[in-house]
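# Observations on the three-dimensional arrangement
The primary structure of each chain is shown beneath.
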Amino acid sequence: MSEHIHLSVPAPPADPALQPRLVVTDLDGSLLDHHSYDFSPAAPWLARLKQMGVPVIPVTSKTRAELLPLREALGLTATPFIAENGAVIGLPPGWCHARLDRPGSGRDGVVIKHPGVDVGFIRARLKVWRERLNVQFTRMGELSVKEVMELTGLDEPRARDARQREGSEPLLWEDSAAALETFRAALEGDSLQLTQGGRFWHVMGRAADKGAAVEWLVKRFTALRGQPPLSLGLGDGPNDITMLEAVDQAVVIRGCHDLVVEPRNTSLYRTEATGPTGWAEGVTHWWGRDDRRLTTAEKHVAVSL
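Calculation criteria
- Residues numbered from 1 in each chain as written.
- Predicted model: local features only at pLDDT ≥ 70, side-chain atom pairs only at ≥ 80, totals over all residues.
- Heavy atoms only, no water.
- Pairing = 2+ DSSP bridges.
- Helix = DSSP H or I, 4+ residues; strand = E, 2+ residues; numbered from the N terminus.
- Axes fitted to C-alpha atoms, helices over the stretch in contact; angles between N-to-C directions.
- Contact = heavy atoms within 4.5 Å.
- Buried < 20%, exposed > 50% of the residue type's maximum accessible area, 1.4 Å probe, protein only.
- Arc of directions from axis to C-beta.
- Phe/Tyr/Trp six-rings, centres within 6.5 Å; stacked < 30°, edge-to-face > 60°.
- Lys NZ or Arg CZ within 6 Å of the ring centre and 35° of its normal.
- Core = buried A, V, L, I, M, F, W, Y, C linked by side-chain atoms within 4.5 Å.

### A few points about the sheet that holds strand S5 (residues 88-91)
Remark on secondary structure: sheet strands pair via backbone hydrogen bonds, oriented parallel or antiparallel. With respect to topology, three strands assemble into an open sheet ordered S4-S5-S6, the strand pairing being antiparallel. Since the sheet does not close on itself, it has two edges, and those belong to strand S4 (81-83) and strand S6 (111-113), each with one partner. Each strand of the sheet is rotated relative to its neighbour by a mean of 25°, with strand direction disregarded. As judged from the three bridges shared by S4 and S5, these two strands associate in the antiparallel manner. Bridging across to S5, Ala-83 finds its partner in Val-88. This element, helix H2 (residues 64-74), spans S4 and S6 of the sheet and lies at about 145° to S4. Sitting on the sheet, helix H7 (residues 210-225) is in contact with S4, S5 and S6, with an inclination near 25° to S5.

### Some details on the sheet that holds strand S2 (residues 21-25)
Taken in spatial order, the five strands make up an open sheet running S3-S2-S11-S12-S13, and their pairing is parallel. Whereas interior strands pair on both sides, the edge strands pair on one side only; in this sheet they are strand S3 (56-58) and strand S13 (268-274). Each strand axis lies, on average, 20° off the axis of its neighbour in the sheet, ignoring direction. Direction of pairing for strand S11 (residues 230-235) relative to strand S12 (residues 249-254): parallel, over a ladder of four bridges. Looking at S12, one finds that Leu-234 is bridged to Val-251. The strands that helix H9 (residues 275-287) touches are S2, S3, S11, S12 and S13; relative to S13, the one it contacts most, it runs at about 145°.

### Some details on the environment of Leu-68
Within the element layout of this structure, Leu-68 appears in helix H2. Here the alpha-carbon distance between Leu-68 and Asp-161, two residues 93 residues apart in the chain, equals 9.6 Å.

### Focus on helix H1 (residues 43-52)
Within H1, burial applies to Trp-45, Leu-46 and Leu-49. Down the axis, H1 shows its buried residues gathered within 105° of arc, on one side only. Exposed positions of H1 whose direction lies more than 90 degrees from the buried face are Pro-44, Lys-50 and Gln-51. Where H1 is buried, its residues contact S2, S3, H2 and H9. One or two residues past the end of H1 sits Gly-53, with phi positive at roughly 75°.

### A few points about the packing of aromatic side chains
Applying the stated criterion across every chain, the model contains four aromatic pairs. Between Trp-95 and Phe-221 the ring centres are 5.6 Å apart and the planes differ by 45°, which places this aromatic pair in the tilted class. One end of the pair, Trp-95, is in the loop between S5 and S6; the other, Phe-221, is in helix H7, and 126 residues separate them in sequence. An identical accessibility class is assigned to Trp-95 and Phe-221; each is buried. Ring centres of Phe-137 and Phe-183 lie 5.2 Å apart, and the angle between their planes is 35°; on these two criteria the pair is classed as tilted. Note that Phe-137 is positioned in strand S7 (residues 137-139) and Phe-183 in helix H6 (residues 177-189), a separation of 46 residues in sequence. Each of the two residues, Phe-137 as well as Phe-183, counts as buried. Above the ring of Trp-287, the side-chain terminus of Arg-21 is found at 4.1 Å from the ring centroid. The residue whose ring lies beneath Arg-132 is Trp-129, and the NZ or CZ to ring-centre distance is 5.0 Å.

### Remarks on the side chain of Gln-249
For Gln-249, the position within the fold is in strand S12. In this structure Gln-249 comes out as buried when scored by relative accessible area, which is 13%.

### Re the nonpolar core
Generally speaking, a soluble globular protein has its nonpolar side chains buried in company with each other. Counting 38 residues, the largest nonpolar core has Val-23, Leu-49, Leu-234, Trp-279 and Trp-287 as its most contacted members. Those elements that place two or more of their residues in this core are H1, H2, S4, helix H4 (145-152), helix H5 (156-162), S11, S12 and H9. Among the elements that take part in this core, H9 stands out by supplying four residues, more than any other. Not counting chain neighbours up to four residues away, the residues in contact with Val-23 comprise Leu-49, Val-54, Pro-55, Val-56, Ile-57, Leu-232, Leu-234, Trp-279 and Trp-287. Of all hydrophobic cores here, the second largest spans 22 residues; its members include Leu-91, Trp-95, Leu-244 and Ala-246.

Dropping the structure here:
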């Protein structure tokens, strides 16, 4: 006589080589299509990473206001974000330290860190240097909502959100390359830096960039988890270089532009595809064949006796 008994058997002890993992990613032209903002080609990997408990952290030039609906659409409300190219770091409750972080008061419920300087200081210095150097540029704050819509392809609510800056100011450069270098040097004297994005140049504090913000979050993750993560970074633009140099494994997604993206990272993969299709290609290259890491924490097996 035989009977079938269903037992719940815990998985063997975790392999110490199986580090916790972390993904940091640019949005425009990377996880999001540069023109349509679609992310459907990356959705299967996003779902898989969520199931694995791997945080996917947006690292973008977008503002916190722009990220609020995007994080909801992408299913990333429980993970941190880095906005304005590193000038703003947002921490959801699960990433906060009881002694170091005040409770979040914003409608998105996150604690905000500002590694750089206030946008008011940046705008004041831009006014000074434009007059003193007689250079030509237009700040995003000087553009109408309609002009922002025409330049970016954003609808009106998202264009308004794009103008809500906290720690950086995008600008359209309308002068020579030589004047740009003079302008860059002047900003450095104010401890400000100039970073090239897809459509705009971004002015922010010298201590604030994508790479520095990612390094800060990796340290916070390590402190909370007690073990450093294996980090994967994905981006397509020059403003992603510091981020791609701050991670263990990097992916340069083929861009819809001619800008040079040459991060110094020995574990570097360049995709054939663009946008979210390239994003999925990059994650697959590094992690797609590593099946041991995709096992669930507990297996339920039927034992026949």
